[in-house]
Amino acid sequence: MMAHVISLLLASLGHTCDPLLPRQSPPLNIHDLRIDDFKVIMAMGDSMTAGFNGAAKADMKEHRGLGFSIGGDRNAVTLPNLIAAVKGNGELVGPSIGTLSKPTINGTCAGADVSVCRLGSAVDGADLQDLIDLQINYLNHTLGTAPWAANVSILEDWKLLTIFSGLDDAVFYNTTDTHKLPTSPELFATNLDRLLHSVYAVFPRTFVNLVLLPENFQPKITTAHLTCKLFKWYSEHVGIHWTDTHLWIATIKRYNEILIEVANTWNLKGMGDFGVAPQPFMQEAQLELSDMDSLDCFHPNLASHQGMAVALWNNMHASSYAEKSRDWKQQQNATCPKPASRLVLSSESSMLVV
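What you see is a predicted model; the values in this text were computed from it and never measured. (Residues numbered from 1 in each chain as written. Predicted model: local features only at pLDDT ≥ 70, side-chain atom pairs only at ≥ 80, totals over all residues. Heavy atoms only, no water.)

(A) Up close: the state of the cysteines. Evaluated as defined, the whole model comprises three disulfides. Covalent S-S linkage joins Cys109 and Cys117, the inter-sulfur distance amounting to 1.9 Å. With the S-S bond torsion at -65 degrees, the cross-link from Cys109 to Cys117 turns out left-handed. Taken individually, Cys109 and Cys117 each receive the classification buried, so the pair is uniform in this respect. Covalently, Cys228 is tied to Cys297 through a disulfide, its sulfur atoms 1.8 Å apart. You can see Cys228 sitting in helix α7 (residues 226-237) and its partner Cys297 sitting in the loop between β4 (274-279) and α9 (302-316), a full 69 residues away along the chain. Grouping residues by exposure puts Cys228 and Cys297 together as buried. Here the cysteine-cysteine linkages of the protein chain are recorded as 1-6, 2-3, 4-5, numbering only bonded cysteines and doing so in sequence order. (Disulfide = S-S within 2.5 Å. Buried < 20%, exposed > 50% of the residue type's maximum accessible area, 1.4 Å probe, protein only. Helix = DSSP H or I, 4+ residues; strand = E, 2+ residues; numbered from the N terminus.)

What follows is the structure, encoded as structure tokens:
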């Protein structure tokens, strides 16, 4: 019933696909995965994954259910809802549902908030180190104890994890850093590899979407209005400190190189139950003020979350890495998977059809 409701919603927005018939046999390995093979969906990251502010309106809340990679609200164009619309073989466990009244800054969701966040572990201001220190444990504990995940087998069921992280490494600095610089490329690479080791240690049978960072924007848009300047002042008041905007683009470009390099290194291991897919749909998008939240000029607004969700979905169905879109703003309608469709990992991978 839920898949039917989602299908009607997406059709009204121009995003509709026919449900896939359940497969006759389970996937052989990670190269044999189809989009409907996932039972669990998870997401890690910072405030952008958490749906802070502009995902619905400028109200300083986290609209978790609208986040592009993990939102599950019934009125949302998100990756989980796109998957649910074609999934004919059981519920997708993990999408976030609803809104948090205030942002998570110093830790992951806790208490009653877990029923909203579910398997979206994002924390406002989180860098890669925080994903290792906080978010892995949150996902592992929640998946192992939540009543709505009671029928999940962590060892046997296939899981989809989208990681969108690195922007906060570039635009914020740690207060212990007297130079007030972004995370060094060397430490960024080390932390990314450590993160993937930690993910694999607790989540076998996992397909990881590694979202590349936006390179094509003007940092000055983050202070385009008085309200945006006030937001930056407020964020520093609560302990978030911004690096020099002149450093952002060069840093982000180097991080993207590292994201691809580390993903390819992992995929060359030839692991049958784990792989990493770089997703470049943000990389070349010309981001403008109209794509951002009107209050802080930094977080994506609702239209951007929807566009990012469709672009991520489409990239997952590209027949090769070369065919993946590098600009979510060029994506219009959702492409539809076919029974023979298989997911692509990285530039070292090729599509396998059985």
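(B) Geometry of the pattern of salt bridges. Applying the stated criterion to the full structure yields 10 salt bridges. Glu156 serves as the salt-bridge partner of Arg205, at 3.9 Å between the closest nitrogen and oxygen. Taken together, the residues Arg205 in the loop between α6 (185-202) and β3 (206-211) and Glu156 in the loop between α4 (128-145) and β2 (159-164) connect sequence positions 49 residues apart. Overall, the relative accessible area of 28% leaves Arg205 in the partly exposed class. Linking Arg254 and Glu261 is a salt bridge whose minimum nitrogen-to-oxygen distance equals 3.6 Å. Relative accessible area serves as the criterion here: at 31%, Arg254 is assigned to the partly exposed category. You can call Glu261 partly exposed: its relative accessible area is 43%. Put simply, Arg23, Asp32, Asp37 and Arg342 are held in one network by salt bridges that share partners. (Salt bridge = Lys/Arg side-chain N within 4 Å of Asp/Glu carboxyl O.)

(C) Main features of a nonpolar patch on the surface. A cluster of nonpolar residues, Ile105, Trp233, Tyr234 and Val238, forms a patch on the protein surface that exposes about 380 Å² of accessible area. For Trp233, the position within the fold is in helix α7. (Patch = residues over 30% accessible without salt bridge, like charges linked within 9 Å, V, L, I, M, F, W, Y side chains within 5 Å. Areas by Shrake-Rupley, 256 points an atom, 1.4 Å probe, with all protein chains shown as cover.)

(D) Spatial organisation of unusual backbone geometry. Unusually for a residue other than glycine, Arg118 sits at a positive phi of about 50 degrees. Positionally, Arg118 belongs in the loop between α3 (114-117) and α4. In this structure, Lys180 is a non-glycine residue whose phi angle is positive, near 55 degrees. Structurally, Lys180 is set in the loop between α5 (167-171) and α6.

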